Amino acid sequence: MPDGLVSVLIPAYRASAYIGLTLESIAAQTYKNWEILVLEDGIFDDTAEKVRAFAATASRPVRLIQREKNQGVSRARNTLLDEARGQFIAFLDADDLWTPDHLEYSLGLMEKEGTDWVVGGLNLIDPKGRVTEADVFPPQVEFHAMPTRLLSYNFILPSGMVARADVFGGNLRFDPTLTIGEDLDLCIRIVETGHRVSYSQKATLNYRKHPSSATGDPARFSEGMSELYEKYLHNPLVDRKACANFLRQALLTTARITRKSQPQRCHRAAKRLIQLSPFSPTAWLYFLASRGHQTPTPPRKDLNSTSVRS
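All values derive from a computational prediction rather than experimental measurement.

Caption draft 1: Just the packing of aromatic side chains, in detail. A complete count under the given rule lists 7 aromatic pairs for this structure. Consider the rings of Tyr13 and Phe44, whose centres lie 5.6 Å apart with planes at 80°: the pair is edge-to-face. Placement of Tyr13 in the loop between strand E1 (6-12) and helix H1 (19-27) and of Phe44 in the loop between strand E2 (34-41) and helix H2 (47-57) is noted, with a sequence separation of 31 residues between them. When its relative accessible area of 40% is taken as the criterion, Phe44 is described as partly exposed. With centroids separated by 6.2 Å and ring planes inclined at 40°, the aromatic side chains of Tyr153 and Phe155 adopt a geometry described as tilted. Residue class for Phe155 comes out buried when judged on its relative accessible area of 5%. A network of ring pairs unites the aromatic residues Phe91, Phe168 and Phe174 as a single cluster. Positioned over the ring face of Phe44 is Arg14, at 3.9 Å from the centre of the ring. One residue, Arg77, lies across the ring of Phe174, its end atom 5.2 Å from the ring centre.

Now the structure itself:
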C-alpha cells in the first residue's frame with residue numbers, strides 16, 4: 001500500500017447544502033494521509049463558513065481558495081491541480097460522497113496492477129442521498145479503444161478518479177473552452193500520454209444526480225457534446241467515422257429540440273449538419289424551417305459546467 005500524500009481537490013459552486021457531508025466522507029477515510037483543497041468558485045452562500053468549521057476540527061490540512069466571480073469548473077480544477085502538494089490526486093465534487101475505503105482501495109488497486117490512475121465504480125444517489133442505482137462499474141475497455149468508447153459513453157466521473165500526480169505533468173489540465181464533457185476530454189488526453197489505467201469493480205463513490213444537472217437540459221447537453229466531437233473529429237486516437245456519427249446525432253438532437261422554441265440554435269445546428277451531410281433531407285428541413293431566425297443566443301452568465309455521464 002502506498003503511503004504518499006493524497007491531495008483531494010474539491011471545486012465548490014453553491015455548495016452549502018452538501019459540502020459538509022462531502023468533507024465528512026473524506027474525514028472518514030481509512031487512508032489517513034490526505035490534504036483537502038476547496039476552491040469556492042463564486043461566493044453565493046455560506047460554503048466558506050462550513051469549510052472553515054470543518055477545518056477547525058480536521059486532523060489533516062484543509063485549504064480554502066475563494067473567487068468572487070464564477071469562472072467555471074475547469075478553471076477551478078486547474079487551479080486546484082496547480083496548488084496540490086500530494087503524490088496522488090483525487091477529485092471530489094462538492095455534492096458527492098466517498099465510502100470510507102475509497103482512497104485505500106484505489107491506491108491499493110494502482111499498486112497491485114502497476115497502473116497510474118483508477119476509474120472508479122459508483123452508486124447513483126438522488127438529492128436526498130437515496131440510492132437510485134447501485135454498483136455501476138466502468139467497462140473493461142482495451143486501452144487503444146478507450147477514446148472512441150468514451151465519446152460514445154462517458155463512463156468516467158472525476159469524483160471516482162484517483163491518479164498519481166505525475167499524470168498531470170506537462171501541464172495536462174481541463175479544457176476551459178468546453179462547456180460539457182471537460183472531464184471526458186481530460187481522460188482522453190491522459191490516454192494519449194500513455195498512462196496505464198485500472199478499472200475498479202467496487203462502488204466506492206456515491207454520485208449525486210440532480211434534476212438541474214447538464215443532462216437535465218437536453219439542448220445544452222447536445223450542443224456541448226457537439227463541441228467535444230468537433231475537437232476530436234480529426235484526432236487519430238479516435239475512430240473518425242464513429243466520431244462523425246456522434247456529431248451528426250448531437251446536431252440533430254439540438255435542431256429537433258430547439259426548432260420551435262429557439263430557432264436560431266436550430267439554424268446553427270442544421271447548418272453544420274448540412275456541411276457534414278449535404279444530402280440529408282432532415283438537415284435541410286431544419287435549416288429551411290429556421291431561416292430568418294438567426295439572432296445570436298445571449299451568452300450564459302453562469303460558467304459552471306457539470307461533469308456528465310452520456
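Caption draft 2: Quick peek at the pairing of E1. The buried count for E1 comes to 7 of 7 residues, which makes it a mostly enclosed element. By the alternation rule, side chains of E1 split into Val6, Val8, Ile10 and Ala12 and Ser7, Leu9 and Pro11, which are all buried. As paired elements, E1 and E2 share 7 bridges and run parallel to each other. Of the residues in E2, the one forming a bridge with Ala12 is Glu40. In this fold, E1 hands off to H1, which returns the chain to E2; that crossover is right-handed.

Caption draft 3: Structural detail: helix H8 (residues 240-258). Taking 1.5 Å of rise per residue, the 19 residues of H8 would be expected to cover 27 Å, and the 27 Å separating its terminal C-alpha atoms lies within 8% of that figure. Of all the positions in H8, only Cys243, Ala244, Phe246, Leu247, Ala250, Leu251, Thr254, Ala255 and Thr258 are classed as buried. Buried residues of H8, viewed axially, fall in a sector of 165°; they line one side. Among the exposed residues of H8, those oriented more than 90 degrees off its buried face are Lys241 and Arg256. Lining the buried residues of H8 we find helix H5 (146-152), helix H7 (218-232), helix H9 (263-276) and helix H10 (281-289). Its side-chain oxygen at 3.1 Å from the backbone nitrogen of Lys241, Asp239 defines the N-terminal cap of H8.

Caption draft 4: Seen up close, the packing of helix H6 (residues 182-193) against H7. Across the interface, H6 lies against H7 with an axial gap of 11 Å and an inter-helix angle of 20°. In terms of orientation, H6 and H7 fall into the roughly parallel class. Handedness of the H6/H7 crossing: right-handed. Here Leu184, Asp185, Ile188 and Arg189 of H6 come into contact with H7, specifically with Met225, Leu228, Lys231 and Tyr232. Residues of the contact of H6 with H7, tallied by class, amount to 5 nonpolar, no polar and 3 charged.

Caption draft 5: Region of interest: the environment of Val119. The residue Val119 is located in strand E6 (residues 117-125) in this model. On the basis of relative accessible area, Val119 is assigned to the buried category, the value being 1%. Separated by 69 residues in the primary sequence, Val119 and Lys50 place their C-alpha atoms 29 Å from one another.

Caption draft 6: Representation of the nonpolar core within the structure. Trp117, Met146, Leu151, Ile156 and Phe168 are the most contacted members of the largest nonpolar core, which has 55 residues in total. Counting residues per element, this core draws most heavily on H8, which supplies 7 residues. Beyond its immediate sequence surroundings of up to four residues, Phe168 is in contact with Leu81, Ile89, Phe91, Ala163, Arg173, Leu186 and Ile190.

Caption draft 7: Looking closely at the side chain of Glu182. If you trace the backbone, Glu182 turns up in helix H6. Separated by 3.4 Å, the side chains of Glu182 and Arg77 make a polar contact.

Caption draft 8: Just the confidence of the model for the protein chain, in detail. When pLDDT is averaged across the protein chain, the result is 92; 92% of the residues are at 70 or more. This stretch, residues 295-302, has a pLDDT under 50; its non-local contacts, to residues over four places away or in other chains, come to 8 contacts.

Cut-offs and rules
Residues numbered from 1 in each chain as written. Predicted model: local features only at pLDDT ≥ 70, side-chain atom pairs only at ≥ 80, totals over all residues. Heavy atoms only, no water. Phe/Tyr/Trp six-rings, centres within 6.5 Å; stacked < 30°, edge-to-face > 60°. Helix = DSSP H or I, 4+ residues; strand = E, 2+ residues; numbered from the N terminus. Buried < 20%, exposed > 50% of the residue type's maximum accessible area, 1.4 Å probe, protein only. Lys NZ or Arg CZ within 6 Å of the ring centre and 35° of its normal. Pairing = 2+ DSSP bridges. Right-handed = clockwise from strand over helix to strand, strands pointing away. Expected span 1.5 Å × (residues − 1). Arc of directions from axis to C-beta. Contact = heavy atoms within 4.5 Å. Polar contact = N/O pair within 3.5 Å; in protein donor to acceptor, adjacent residues only side chain to side chain. Axes fitted to C-alpha atoms, helices over the stretch in contact; angles between N-to-C directions. Parallel < 35°, antiparallel > 145°, perpendicular 65-115°, else oblique. Left-handed = near helix turned anticlockwise from the far one by under 90°. Nonpolar A, V, L, I, M, F, W, Y, C, P; charged D, E, K, R; others polar. Core = buried A, V, L, I, M, F, W, Y, C linked by side-chain atoms within 4.5 Å. pLDDT = per-residue confidence, 0-100.

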